[in-house]
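So the chains spell out like this:
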Amino acid sequence: MSGAGLDPKTAPTFPMAAKAMMGDVQLRKNVRHATDVIQEKRARVVSEMPDWQELREAGKQIRRHTMEHLDFYLEEFEANCTRAGGVVHWARDAEEARRIVIGLVKASGSDEVIKIKSMTTEEIQLNSALEAAGIHPYETDLAELIIQLGADRPSHIVVPALHKNREQIREIFQREMNLPELGGRPEDLADAARMFLREKFLRVKTAVSGANFLIAETGGVCVVESEGNGRMCLTLPETLITIAGIDKVLPRFQDLEVMLQLLPRSATGERMNPYNSIWTGVDGASAGDGLRDGARDGLRDGPRVFHVVLMDNARTEILADDEGRQTLNCIRCGACQNVCPVYRQTGGHAYGSVYAGPIGAILTPQLQEMHHAQSLPYASSLCGACYEVCPVKINIPEVLIHLRNKVVKQNTAGVAGLFDVEAGAMKAMALIFRSERRFRAAQRLGRIAERPLVRRDAQGEGWIGWLPGLLGGWTQARDLGEMPKETFRDWWERRGENGN
Amino acid sequence: MRVSLFITCYNDTLFPETGKAVVRVLERLGHTVEFPQGQTCCGQMHYNTGYQAEAMPLLSRFVEQFKGAEAVVVPSSSCVAMMRDHYPKMALAIGRVELIAEVDALLPKVFEFSEFLTKRLGLEDVGAYYPHRVTYHASCHGLRNLVLGDGPMRLLKAVRGIDLVELQGLEQCCGFGGTFAVKNADVSSAMLAEKTTAVLNTKAEACTACDNSCLMHIQGALHRQRTGVKTVHLAEILAGDEGALR
Ligand code: SF4
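Residues numbered from 1 in each chain as written. Chains lettered and ligands numbered in written order. Predicted model: local features only at pLDDT ≥ 70, side-chain atom pairs only at ≥ 80, totals over all residues. Heavy atoms only, no water.

The name given to chain B in an unreviewed UniProt entry is (Fe-S)-binding protein, and the organism recorded there is Tunturiibacter empetritectus.

Per an unreviewed UniProt entry, chain A goes by the name LutB/LldF family L-lactate oxidation iron-sulfur protein and belongs to Tunturiibacter empetritectus.

Here's what the structure looks like:
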């Protein structure tokens, strides 16, 4: 039922994928419209916060502190979660995480699972692994349900179906839910999804969830959402399996005060999420509540079995990199995607990864330990809009440049590096800039070299309309003015030190 | 004041009129201008493309050329952003103690051109005359890294004869981004198309900015589309020479 996942290992390079996306006029229109709407809402609710910049700083400090002591807080989380009756598992990589989850689902005795809030499961392509193991996953987040029914792929970390408009969603529901009469109003679509999902909620006994935050102090898992489907998944099934990256931990319960102000405003432009669920341990484990065993039975609420899979999947490598580390501070609000002029043109699929936009451009190659997705750090004009909007002040442009350096080092290593055209040009330019004499010679040479390419326009001005090789991208849509006859420094010399 | 000019490799080679205009404005305001001959490039292109090692010697070179300066004026917001955002940590990486100290002492004296006028000299009216319809594009580095705010706009508003029209999506990137325009030519072109549409909608004769890199990009498309609309660096408007409208 679900489409092939977004796999950075096999995805085409960003420029190639982007070129293909540029032709999808409907998708680009949907993306721009949706991001405009969210951005506008975000701007409104952020502007009503007099202390927004202080909150951002607090958010950054909390996240930075957490990353500096991640081992400590993870162990604290494990101890407190276990005490509350949960079982904590550690997964080194995607493969191990998939194996653990599949084993836990099988142990629960179910061959179906309901799922919620699970970009992490997208990261590890859990759905196809579950299906291969004979387990059927049902997405219950409305947007992810649309993706699943449409055999599509998510294009945004908060609004996975952002690239679809309402009419397209109606068509998917009509087809997949067998509702030929379905209307196109938002209420009609919501009703259809509700009917479809309610049956799953009541029938399926095992749930897989992601997590927005893990709270070390209490051992609790926090999930925030707008539809309430997550709460259904957290409370109705008998077995709950939460899978989270190790970067999701927060030290104290009180830290939520900051995060739950930053996250919903940045993500969907809401003052607060309609549903904020914090799940700690299993039902009945809180023996200190003074109820007799029998009395508690009637109050049963939530799973009897609760597992948390803490997944590394290259996060410790990121942690070990001083400059890349701030990537882990991300709270997955998606604000950087909405504001990114590159994302707004291409949509999310061009990034070849579940993490798209600026955060994807820095997170994905690092999650791949710089073995794949090397074109992503270049998928940015470094305009800085992402940094400006990030609620935890991740300096995304700085990390992009840092990763570009890693890519260059990889590309120029060894013998192959000697034949890298770009590196050769860059090194030659650097050599030229290291001497004023060489620089002036290059300026003169440039004027001679460009001559065959220069054409005169009606005003008699010289313009270049075609450039060879690497520079050809420029002349695809732009002309280039001819070099002036005299450089500034030549003029300055001619003029004499004291003016003329 | 004795003002040292860093004209940047880009302006020196491709946009000498901008440098000349900076000289004209500063001298008209009564300052002494000097141009250290050994200057070349700030290293931005190398640094931002991932060739950090190649940018390092350019930092030392810049410091060597300008370390005695009273003020350094640069008619390029992205080059100033490069220096402010990256020079301190580059100096630390190089690890020469005196270089670190020199960078620390020098950076507060480095100003983008419009910033020098509004923030350092506290000016708005520099006595310019420019009788044309103009729109202003806020380059990303000026806007976000240097936080120029409405400084350039205030300078423009004080120009006599000018017909200043606001650009829709003023804060949107034009899609240049240095090597981005070449490496991701398709996306860059799409971003540029939005920008040139906005420029054309203003019916302005010229689009101005504090950075010739953006302007070269915008101009490239305006010329390709045979629009007749020009671009002109802010300094050339403030120099008040009608001939500056290329
Ligand atoms: S990088 Fe910042 S803005 Fe982007 S998703 Fe993460 S927290 Fe949000």
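So much for the structure itself; the text now carries on.
Peer 1: Got a minute to help me understand the site of the ligand in this structure?
Peer 2: The ligand sits among 13 residues. The nearest are A:Cys330, A:Cys333, A:Gly334, A:Cys336 and A:Cys390. Of the residues belonging to the shell around the ligand, the class tally is 11 nonpolar, one polar and one charged. (Near = heavy atom within 4 Å. Nonpolar A, V, L, I, M, F, W, Y, C, P; charged D, E, K, R; others polar.)

Peer 1: What is the right way to read the sheet that holds strand S4 (residues 206–209) of chain A from this model?
Peer 2: In sheet architecture, strand pairing relies on hydrogen bonds along the backbone and comes in two forms, parallel and antiparallel. Residue and element names in this part refer to chain A. Taken in spatial order, the six strands of this open sheet run S1-S10-S7-S4-S2-S3, and their pairing is parallel. The open sheet terminates on both sides in strands that have one partner only, identified here as strand S1 (87–91) and strand S3 (136–139). Between one strand and the next, the sheet's axes are offset by a mean angle of 25°, whatever the strand orientation. As judged from the seven bridges shared by strand S7 (residues 239–245) and strand S10 (residues 305–311), these two strands associate in the parallel manner. Of the residues in S10, the one forming a bridge with isoleucine 241 is histidine 307. In the packing of helix H4 (residues 70–83) onto the sheet, the strands contacted are S1 and S10, and the crossing angle to S1 comes to about 145°. (Pairing = 2+ DSSP bridges. Helix = DSSP H or I, 4+ residues; strand = E, 2+ residues; numbered from the N terminus. Axes fitted to C-alpha atoms, helices over the stretch in contact; angles between N-to-C directions. Contact = heavy atoms within 4.5 Å.)

Peer 1: Even after reading the chapter, I still don't get the packing of helix H2 (residues 16–28) of chain B against helix H7 (residues 113–120) of chain B, so can you show me in this structure?
Peer 2: Relative placement of two packed helices is described by the angle separating their axes and the distance separating the axes. All names here are of chain B. It is at 11 Å that the axes of H2 and H7 come closest, and there the two elements cross at 15°. Between H2 and H7, the angle falls in the class roughly parallel. Considering the relative orientation of H2 and H7, their crossing is left-handed. Listed contacts from H7 to Val22, Val25 and Leu26 of H2 are Phe113, Phe116 and Leu117. When the residues that make up the contact of H2 with H7 are grouped by side-chain class, the tally is six nonpolar, no polar and no charged. (Parallel < 35°, antiparallel > 145°, perpendicular 65-115°, else oblique. Left-handed = near helix turned anticlockwise from the far one by under 90°.)

Peer 1: Looking at this model, I keep getting lost on the UniProt feature "domain: Cysteine-rich" (unreviewed entry) in chain B. Mind explaining?
Peer 2: Residues and elements named next belong to chain B. If you check UniProt for "domain: Cysteine-rich" (unreviewed entry), the listed places come out as residues 3–84 and 134–219 in our numbering. For residues 3–84, the helix share is 59%, the strand share is 12%, and the end-to-end C-alpha distance is 19 Å. For the annotated span residues 134–219, helix accounts for 49% and strand for 12% of the residues, and the straight-line distance between the end C-alpha atoms is 14 Å. (UniProt positions renumbered as here; feature names shortened; annotations may be inferred.)

Peer 1: How should I be thinking about the side chain of A:Thr121 in this particular structure?
Peer 2: Residues and elements named next belong to chain A. Relative to the elements of secondary structure, threonine 121 occurs in helix H6 (residues 119–123). Of note is the side chain of threonine 121, whose polar atom sits 2.7 Å from the backbone oxygen of serine 118. Beyond its immediate sequence surroundings of up to four residues, threonine 121 is in contact with Lys115, Leu126, Val208 and Ile243. (Polar contact = N/O pair within 3.5 Å; in protein donor to acceptor, adjacent residues only side chain to side chain.)

Peer 1: Got a minute to help me understand the nonpolar core in this structure?
Peer 2: As a rule of thumb, nonpolar side chains are buried together in soluble globular proteins. Ranked by internal contacts, the top residues of the largest apolar core, which has 213 residues, are A:Phe77, A:Phe173, B:Leu5 and B:Tyr87. Here the element with the most residues in this core is helix H5 (residues 77–94) of chain B; it accounts for eight residues. Excluding its chain neighbours within four sequence positions, the residues that come into contact with A:Phe77 are A:Val88, A:Leu214, A:Ile215, A:Ala216, A:Gly219, A:Gly220, A:Val221, A:Val249, A:Val308 and A:Leu310. With 19 residues, the next largest nonpolar core counts A:Leu104, A:Val113, A:Ala129 and A:Ile243 among its residues. (Core = buried A, V, L, I, M, F, W, Y, C linked by side-chain atoms within 4.5 Å. Buried < 20%, exposed > 50% of the residue type's maximum accessible area, 1.4 Å probe, protein only.)

Peer 1: Please explain the pairing of S4(A) as it appears in this structure.
Peer 2: Across a regular strand the side chains alternate sides, sitting on one face of the sheet and then on the other. Residue and element names in this part refer to chain A. What you see with S4 is no split at all: Thr206 and Val208 on one side and Ala207 and Ser209 on the other are buried throughout. Sheet topology note: the strand S2 (residues 112–116)/S4 ladder contains three bridges and is parallel. Looking at the pairing, lysine 115 lines up with valine 208 of S4. When S4 meets S7, the two strands line up parallel, connected through four bridges. What sits directly across from threonine 206, in S7, is threonine 239.

Peer 1: Any chance you could explain the sheet that holds strand S8 (residues 249–250) of chain A here in plain terms?
Peer 2: Residues and elements named next belong to chain A. What the four strands build is an open sheet, ordered S8-S5-S6-S9; its pairing is mixed. Each edge of the open sheet carries a strand with a single partner, namely S8 and strand S9 (275–279). Pairing of strand S6 (residues 220–225) with S9, which is carried by five bridges, proceeds in the antiparallel orientation. Among the inter-strand pairings, cysteine 222 is bridged to a residue of S9, identified as isoleucine 278. Where helix H12 (residues 256–268) meets the sheet, it contacts strand S5 (213–215), S6, S8 and S9, and its direction lies at approximately 170° from that of S5.

Peer 1: What's the story with the pattern of salt bridges in this structure? I'm lost.
Peer 2: Where charged atoms of side chains with opposite charge meet at close range, the side chains can pair. The final tally for this structure, using the stated rule, is 51 salt bridges over all chains. Note that A:Glu95 and A:Arg98 form a salt bridge whose closest N and O atoms lie 3.2 Å from each other. Residue A:Glu95 and its partner A:Arg98 are both found in helix H5 (residues 94–107); the two are separated by three residues, about one turn of the helix. On the accessibility criterion, A:Glu95 (44% relative accessible area) is partly exposed. In this structure, the salt-bridge partner of A:Glu436 is A:Arg489, at a minimum N-O distance of 3.5 Å. Taken together, the positions of A:Glu436 in helix H21 (residues 436–450) and A:Arg489 in helix H22 (residues 488–495) put the pair 53 residues apart, joining distant regions of the chain. Residues joined by salt bridges that share partners form a network here, namely A:Glu436, A:Arg440, A:Arg489, A:Asp490, A:Glu493 and B:Asp12. (Salt bridge = Lys/Arg side-chain N within 4 Å of Asp/Glu carboxyl O.)

Peer 1: So what exactly am I meant to see when it comes to the interface of chain A and chain B here?
Peer 2: Accessible area lost on assembly of the parts is the figure often given for the size of an interface. Taken residue by residue, the interface counts 65 residues in chain A and 65 residues in chain B. When the two sides are added together, the surface that chain A and chain B hide from each other amounts to roughly 5,700 Å², 59% of it contributed by carbon and sulfur. Where chain A meets chain B, there are 37 residue pairs in polar contact (both at pLDDT 80 or more). Among the elements of the structure, helix H1 (14–22), helix H2 (25–47), helix H16 (341–346), helix H18 (385–389), helix H19 (396–411), helix H20 (421–433), H21 and H22 of chain A are those that each provide at least two residues to the side of chain A that touches chain B. For the side of chain A that touches chain B, the element with the most residues is H20(A), which contributes seven residues. When its residues are assigned to classes, the side of chain A that touches chain B shows 30 nonpolar, 14 polar and 21 charged. (Buried area = accessible area lost by both parts, 1.4 Å probe.)

Peer 1: Honestly, the environment of B:Gly30 in this entry has me stumped. Any pointers?
Peer 2: As for its placement among the helices and strands, B:Gly30 is situated in the loop between H2 and strand S2 (32–34). The spacing of B:Gly30 and B:Met82 is 52 residues in sequence and 29 Å in space, taken between C-alpha atoms.

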